[in-house]
Amino acid sequence: MMNIKMFIPRESTALSLGAHDVARAVSDYSTQHKTELNLIRNGSRGMFWLEPMVEVETSKGRFAYGPVDVSDVPSIMEDITTNLLSKHTQEHRLALGLTEELAYLKKQTRLTFARAGITDPLSLNDYLALDGFSGLHKALAATSQEIVSTVVDSGLRGRGGAAFPTGIKWQTVHDAPSDKKYIVCNADEGDSGTFADRLVMECDPFMLIEGMIIAGLAVGADEGYIYLRSEYPVADEILQEAIVIATKEGYLGNDICGSGRTFNLEVRLGAEAYICGEETSLLESMEGKRGVVRFKPPLPAIEGFFGKPTVVNNVLSLSAIPYILSQGGQAYQQYGANRSRGTLPFQLAGNVKQGGLIELPFGSTLQSLLDDFSGGTQSARPIRAIQVGGPLGAYLPTSKFDIPLDYEEFTNASAVLGHGGIVIFDDTVDMLEQARFSMEFCVDESCGKCTPCRIGSTRGVEVIDRIKYDDSRAENMILLSDLCETMINGSLCAMGSMTPIPVISAYKDFPEDFHLPSNNAVLEETNHG
Ligand SMILES: Cc1cc2nc3c(=O)[nH]c(=O)nc-3n(C[C@H](O)[C@H](O)[C@H](O)COP(=O)(O)O)c2cc1C
Ligand code: SF4
């Protein structure tokens, strides 16, 4: 009897495109044709336009087919049995060749996503076979200060948006005297076009768990929470199961790997508010209150969850930790550019043919990323604008596609890298409408605590509407510019102070959509400012 080992993802994108049905059809086919099937439900490699991508193990490595529909299953199974497993050839129209040889994967540097799509996310054996928990073992053999210093050496900066050095944050919590401390993972992932956190949680949950345990050992916290957006039910299910497995196998609980150390972990579901991704309103929400931003200071590192010193870190920041502990801070810090060290998992989305996850060291450019990975727009029209860094990020025109992708270079260009989301727009985009959308987004998502954000965004929508309908356009442009300045300088948190970034970039870099003459006062001022 023929023996076949196959992989079909159980990750949300693949599932939304019919992966469960494909898996069922493959099983049915094997039963009917009396083949011995070992079907693994793996994570996704993050090449979304190929999902559901079906892989088959051979002596030469895994071969892939995609995107697979249920109706393709009989012909693919035939190709596998008659060509692939006997002759190492694939003749099917959906055959992609050896997965590891696919250019989209080969051109990446996958440190955080090294296991994604390769393993069964809930197989502890798979995780252990690919270096899993080796960082934890190193951490258990080190002092808490040694762990913190390793993270400082790595140069890791927070991947949630603000890019604050992770090691410094940990040092603050480490040094804070308290009988109780917490680790909180920010898994609210609200930025437009982003999905890297979700992929970690759905494809390699033990890595996040390991990162959180190490964080606990580093700062002296014995309790952790993953604040997960409720729109991620698959991630919730996988995380819950992974926590049960890790507890049963002694990685979580009151005696981590027989060390006598304690770390317990729980998932808390959010309630679909963008502002609950901001760390202080996240903490309010976790405490059972309305998600309203807190005044800072005190920082959460000093007074966080229920007033105790708390590390709040993004999923990607915590997921970089196992590699850093296992390979050393220097190994991580050798990648990157300027003070942006390591890799960033970029997420290509919007109007794009080959959307997906691309992990690269900091320092390449948007243009090279587009050339190497995007395949152009889905509409086959030219790209006109790209919004990088979520809804509070700048819209970049093609003339800025050669800015290196690192925190410093983007700040110098009045833009933000944020969580690495890259949303593509073709030449049919109306940038005035995009500016209006940015203000409207702030109207919807503002927590309401401070006036420049709560009222300013509403006025912003009105002013942009007046510009749109040519109601005193020149005067209203000046008003819009003043309003943006007020929001930047007067808002309590980055929601209000960053909303003007996409608005200003829209009228500055795409003035024709605002019907502005090039000698417009606002443009002249901003161009010289
Ligand atoms: C409006 C707003 C939304 C945010 N949303 C998120 C989010 O969804 N996920 C996240 O990790 N950080 C988000 N942040 C950043 C967090 O406040 C905080 O900086 C981050 O969780 C710290 O983790 P890091 O140092 O690992 O980046 C947001 C900030 C603001 C102002
Ligand atoms: S800027 Fe907006 S979201 Fe932030 S505290 Fe003020 S009202 Fe709330």
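Computed from a predicted model, the values in this text were never measured in an experiment.

A. Expanded view of the site of ligand 2. Every one of the 13 residues lining ligand 2 counts as a neighbour, but Cys447, Lys449, Cys450, Cys453 and Cys493 are closest to it. The pocket occupied by ligand 2, as judged from atoms lying within 2 Å of grid points, is the largest cavity. Each residue belonging to the shell around ligand 2 can be placed in one class, and the counts come to eight nonpolar, four polar and one charged.

B. Main features of empty space enclosed by the protein. Enumeration over the complete set of coordinates arrives at two cavities of 30 Å³ or more. By volume, the largest cavity is sized at about 80 Å³. Residue lining of the largest cavity: 13 residues in total, with Val293, Cys447, Cys450, Cys453 and Cys493 positioned closest to the centre. Here the lining of the largest cavity is built from residues that sort into eight nonpolar, four polar and one charged. Within this model, the second largest cavity holds a volume of roughly 30 Å³. Among the secondary structure elements, those contributing two or more residues to the lining of the second largest cavity are α13 (315–327) and β12 (343–350). Sort the elements by how many residues they give to the lining of the second largest cavity and α13 lands first, with three residues. A class-by-class count of the residues in the lining of the second largest cavity yields five nonpolar, three polar and one charged.

C. A look at the packing of helix α10 (residues 205–219) against α13. As a packed pair, α10 and α13 sit with axes 7 Å apart at the nearest point and diverge in direction by 80°. The orientation of α10 with respect to α13, classified from their angle, is roughly perpendicular. Across the interface between the two elements, Met207, Leu208, Glu210, Gly211, Met212, Ile214 and Ala215 from α10 touch Val315, Leu318, Ser319, Ile321, Pro322 and Leu325 from α13. Of the residues belonging to the contact of α10 with α13, the class tally is 10 nonpolar, two polar and one charged.

D. Just the site of ligand 1, in detail. If you check the shell around ligand 1, you find 19 residues, and the closest are Gly160, Glu279, Asn313, Asn314 and Ser317. Residue Arg159 places a main-chain N or O atom 3.3 Å away from an oxygen atom belonging to ligand 1. Taking Ser317, its side chain carries an N or O atom lying 2.6 Å from an oxygen atom of ligand 1. About the coverage of ligand 1: the protein hides 92% of its 610 Å² of free accessible area. Among the cavities detected, the one that contains ligand 1 is the largest pocket. Contributions of two or more residues to the shell around ligand 1 are made by β9 (310–314) and α20 (494–498). The element best represented in the shell around ligand 1 is β9, accounting for three residues. A breakdown of the residues in the shell around ligand 1 according to their chemical character gives five nonpolar, eight polar and six charged.

E. Spatial organisation of the layout of surface pockets. Its boundaries defined by the atoms lining it, the largest pocket holds a volume of some 1300 Å³. Lining the largest pocket are 50 residues, and of these Gly160, Gly161, Ala162, Ala163 and Ala494 sit closest to its centre. If you list the elements that add at least two residues to the lining of the largest pocket, you get α8 (166–175), α12 (279–286), β9, α16 (407–412) and α20. The biggest single contributor to the lining of the largest pocket is β9, with five residues.

So, how was this worked out
Residues numbered from 1 in each chain as written. Chains lettered and ligands numbered in written order. Predicted model: local features only at pLDDT ≥ 70, side-chain atom pairs only at ≥ 80, totals over all residues. Heavy atoms only, no water. Near = heavy atom within 4 Å. 1 Å grid on protein atoms, 1.4 Å probe; cavity = no way out; pocket = protein on both sides within 12 Å on 5 of 7 lines; lining within 4 Å. Sits in = over half its atoms within 2 Å of the grid points. Nonpolar A, V, L, I, M, F, W, Y, C, P; charged D, E, K, R; others polar. Points joined across faces, edges and corners; volume = space filled by probe spheres on them. Helix = DSSP H or I, 4+ residues; strand = E, 2+ residues; numbered from the N terminus. Axes fitted to C-alpha atoms, helices over the stretch in contact; angles between N-to-C directions. Parallel < 35°, antiparallel > 145°, perpendicular 65-115°, else oblique. Contact = heavy atoms within 4.5 Å. Polar contact = N/O pair within 3.5 Å; in protein donor to acceptor, adjacent residues only side chain to side chain. Areas by Shrake-Rupley, 256 points an atom, 1.4 Å probe, with all protein chains shown as cover.

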